[in-house]
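Close look at the chain arrangement
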Amino acid sequence: MTTTTTYIAFLRAVNVGGRTVKMERLRALFAELGLGGVRSYIQSGNVFFTAEVPAGDGPGRAALGRRIEEHLEASLGYPVPVMLRTVDEVAALLAAEPFRGVESTPDVRLVVAFLSEPLPPELTVPYTSPKGDHEVIGADDGAAYVVVHLKDGRWVTGELFGKAYRGSVTSRFLHTTEKILTAARKA
């Protein structure tokens, strides 16, 4: 038995570091895979689509993610890690209010870091980076919740979780994640 599920693909390394792709092309690449209702939101690599996957969703989703990654790399010429989440999963993540009690200010940003695999057990949460520029205040198997302290108004990116984490990560500001969910829910 299969079910049709609406996914949000959070892509890493799209339109950064000289790796540019127009959203029209990106949507076409997803459609080439036979995915339905393909749409995108802003230029940072957020793609919505429907797909039929086996009930239970685990192995089917992993295979779908690999298929998308392989197609994007073959078409674009560079790897594009894909973190797939259902609309319901993103809604539940936001409903849990992972940043409750933390205020976004001109020097503080709230960031959802979507993970390809859970954080390693040796990374104890809460965790503050050695430079004090970010704090991981919570995590689950699919995301980490990061408070970023800007330096001179800038987020100096680096390794969020140290060298122990071997998976892929792509980050979105909390307010952007909320907007992505709203856009994904529109028919």
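Whatever comes next refers back to the structure up there.
Every chain is numbered independently, its residues counted from 1 as its sequence is written. For a predicted model such as this one, the threshold for reporting local features is a pLDDT of at least 70, and the threshold for listing and counting side-chain atom pairs is 80 or more; totals across whole chains, interfaces and linings nevertheless cover every residue. Just so you know, side-chain values use all the structure's heavy atoms and leave hydrogens and water out.

1. What to know about the pattern of salt bridges
Any two side chains of opposite charge can pair if their charged atoms end up close together. By convention in these notes, a salt bridge is any Lys or Arg side-chain nitrogen within 4 Å of a carboxyl oxygen on Asp or Glu. Tallying each qualifying case throughout the model produces two salt bridges. Here Arg61 ties to Glu89 by a salt bridge, and the two come within 2.6 Å at their closest N and O atoms. One end of the pair, Arg61, is in helix α2 (residues 58-76); the other, Glu89, is in helix α3 (residues 87-95), with 28 residues separating them in the sequence. Of the residues examined, Arg61 reaches a relative accessible area of 17% and is grouped as buried. Accessible area is worked out with a 1.4 Å probe on protein chains only. A residue is then buried under 20% of its type maximum, exposed over 50%, and partly exposed in between. Taking relative accessible area as the criterion, Glu89 reaches 31% and is therefore assigned partly exposed. We note a salt bridge from Glu97 to Arg100, for which the minimum N-O separation is 3.5 Å. Here Arg100 falls in the exposed class, since its relative accessible area comes to 58%. Strands are runs of DSSP state E lasting at least 2 residues, helices are runs of H or I lasting at least 4, and numbering of each runs from the N terminus.

2. Brief notes about the environment of His149
Here His149 is to be found in strand β8 (residues 143-149). Spatially, the C-alpha atoms of His149 and Lys163 are 21 Å apart, while their sequence positions differ by 14 residues. In this description, contact between two residues means that some pair of their heavy atoms is separated by no more than 4.5 Å. Not counting residues up to four positions away in its chain, the partners in contact with His149 are Asp107, Val108, Gly132, Asp133, His134 and Glu135. In terms of polar contacts, His149 uses its side chain to reach the side chain of Glu135, at 2.6 Å. Counted as a polar contact is a pair of N or O atoms within 3.5 Å, where, for protein atoms, one must be capable of donating a hydrogen and the other of accepting one, and residues adjacent in sequence contribute only when both atoms are in side chains.

3. Focus on α3
Within α3 the residues assigned to the buried category are Val87, Val90, Ala91, Leu93 and Leu94. Seen from one end, α3 has its buried residues packed into an arc of 160°, which puts them on one side. Among the exposed residues of α3, those oriented more than 90 degrees off its buried face are Asp88 and Ala95. Taken together, the buried residues of α3 touch β1 (2-11), β4 (82-86), β5 (108-115), β8 and α4 (174-185). The arc in question is the one traced by the directions running from the helix axis out to the C-beta atoms.

4. Quick notes on the sheet that holds β5
Two strands pair if DSSP finds at least two bridges between them. Spatially, the five strands line up as an open sheet ordered β6-β7-β8-β5-β9, and their pairing is antiparallel. Edge positions in the sheet fall to β6 (127-128) and β9 (169-173), since each has one partner strand and no second. For β5 and β9, the ladder comprises five bridges, and the chain directions are antiparallel. By the bridge assignment for β9, Val111 is matched with Phe173. To define axes, lines are fitted to C-alpha atoms, for helices over the stretch in contact only, and angles between the resulting N-to-C directions are given on a 0 to 180 degree scale. The sheet strands contacting α4 are β5 and β9, and the helix crosses β9 at an angle near 90°.

5. Some remarks on α4
Over its 12 residues, α4 extends 17 Å from the first C-alpha to the last, a length consistent with the 16 Å expected when each residue adds 1.5 Å. Those residues of α4 that sit buried are Leu174, Thr176, Thr177, Ile180, Leu181, Ala183 and Ala184. The span expected for a helix works out to 1.5 Å for each residue beyond the first.

The quantities given are spatial measurements derived from coordinates; they are silent on function.
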